[in-house]
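Working through the structure, step by step
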Amino acid sequence: GERDIFFARRKDRVRRDRDPRNFKRARAAVRVHGKVDDLINMKNKIIRICFAVYMLILLLITVIRPWNMTYSFMGGHWNLTLFAEYRDVLQYGISTFIYLFSGNIIWFVPLGCYLVAFKGKSLLTTVLMGFVLSLIIEVLQFVLGTGVSELDDLVLNTFGCFIGGLICRLRK
């Protein structure tokens, strides 16, 4: 009965597995699978390299600032009044305001996207990591004296990380 049918199916499967045509198909599938793995590894390397370049550029424009070679240890300034500088910047024109305001957001969008899409972080973890990186940047600006450490930068950078993470979370 059922036992004979089971063994008959098993023998048929063994015969098919030994068929040279199936072996060639299986070998071709392994070759294709190996190439796909190589492409995925290459893609991951490219993404990591792009992320490293992004982080380097982010640190260059926020902390190192090669155009500002006057570093003074602990010579930075704190601005803890939320959006106070932006009110002053408006006198230089709306374009400067938009550039500074949106720049603080946009520069952190790739970080949020990378953490969610490629590292699998939750949105909360992504926002916290964006906050911590922004805090580190602001502290370094103060310590190295390369800029004004502002509370609004911290808020806008963290918001940018949130937007990047949210965009990539919604795309999944």
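As shown above, the structure is provided for reference.
Reading the values: the criteria
- Residues numbered from 1 in each chain as written.
- Predicted model: local features only at pLDDT ≥ 70, side-chain atom pairs only at ≥ 80, totals over all residues.
- Heavy atoms only, no water.
- Patch = residues over 30% accessible without salt bridge, like charges linked within 9 Å, V, L, I, M, F, W, Y side chains within 5 Å.
- Areas by Shrake-Rupley, 256 points an atom, 1.4 Å probe, with all protein chains shown as cover.
- Salt bridge = Lys/Arg side-chain N within 4 Å of Asp/Glu carboxyl O.
- Lys, Arg positive; Asp, Glu negative; His and termini not counted.
- Charge placed at Lys NZ, Arg CZ, Asp CG, Glu CD.
- Helix = DSSP H or I, 4+ residues; strand = E, 2+ residues; numbered from the N terminus.
- Buried < 20%, exposed > 50% of the residue type's maximum accessible area, 1.4 Å probe, protein only.
- Core = buried A, V, L, I, M, F, W, Y, C linked by side-chain atoms within 4.5 Å.
- Contact = heavy atoms within 4.5 Å.
- Phe/Tyr/Trp six-rings, centres within 6.5 Å; stacked < 30°, edge-to-face > 60°.
- Disulfide = S-S within 2.5 Å.
- Axes fitted to C-alpha atoms, helices over the stretch in contact; angles between N-to-C directions.
- Parallel < 35°, antiparallel > 145°, perpendicular 65-115°, else oblique.
- Nonpolar A, V, L, I, M, F, W, Y, C, P; charged D, E, K, R; others polar.

1. Some points on a positive patch on the surface
On the surface, Lys45, Arg48, Lys119 and Lys121 cluster together to form a positively charged patch. Topologically, Arg48 is positioned in helix H2 (residues 20–64).

2. Description of a nonpolar patch on the surface
On the surface, a cluster of nonpolar side chains totalling about 770 Å² of accessible area is made up of Trp78, Leu80, Phe131, Val132, Leu135, Ile136, Val139, Leu140 and Leu144. If you tally residues by element for the nonpolar patch, the top one is helix H6 (residues 123–144), at seven residues. Tracing the sequence through the fold places Val139 in helix H6. Residue classification places Val139 among the partly exposed residues on the basis of a relative accessible area of 35%.

3. Brief notes about the nonpolar core
Among the nonpolar cores identified, the biggest contains 13 residues, and Leu58, Phe108, Leu111 and Leu133 are the most heavily contacted of them. Taken together, the elements giving at least two residues each to this core come down to H2, helix H5 (109–117) and H6. The element best represented in this core is H2, accounting for six residues. Apart from residues no more than four positions distant in its own chain, Leu111 is found in contact with Phe51, Tyr54, Gly130, Leu133 and Cys161.

4. Focus: the packing of aromatic side chains
Note on aromatic pairs: each is described by the distance of the centres and the angle between the planes. Inspection of every chain in the model, using the stated rule, returns seven aromatic pairs. Judged by centre distance (5.8 Å) and plane angle (40°), the ring pair of Phe51 and Tyr54 falls under tilted. Here Phe51 pairs with Tyr54, and both are found in helix H2, just three residues apart, close to one helical turn. Note on accessibility: Phe51 and Tyr54 belong to one class, buried.

5. Side note on the state of the cysteines
Applying the stated rule across the entire model yields one disulfide. Here Cys113 connects covalently by a disulfide to Cys168, the sulfurs 1.9 Å from one another. Here the disulfide of Cys113 and Cys168 is right-handed, its torsion about the S-S bond being about 45°. Of the two residues, Cys113 is situated in helix H5 and Cys168 in helix H7 (residues 151–171); the sequence distance between them amounts to 55 residues. Taking the relative accessible area as the measure of exposure, Cys168 reaches 10% and is therefore buried. Considering cysteine sulfurs only, Cys113 is the nearest to Cys161, which forms no disulfide, with 9.8 Å between them. What makes Cys161 buried here is its relative accessible area of 0%.

6. Let's talk about the packing of helix H4 (residues 94–106) against H7
Packed helix pairs are specified by the crossing angle of their axes together with the interaxial distance, meaning the distance between the axes. Between H4 and H7, the shortest axis-to-axis distance is 6 Å and the interhelical angle comes to 50°. Looking at the two axes, H4 sits oblique to H7. Within the contact between the two elements, H4 uses Phe101, Asn104 and Ile105 and H7 uses Asp153, Leu156, Asn157, Phe159, Gly160 and Ile163. For the contact of H4 with H7, the residue count by class is five nonpolar, three polar and one charged.

7. Re the environment of Leu60
With respect to the secondary-structure elements, Leu60 resides in helix H2. Looking at Leu60, the relative accessible area reads 29%, which means it is partly exposed. With sequence-adjacent residues up to four places away left out, Leu60 is seen in contact with Arg65, Pro66 and Trp67.

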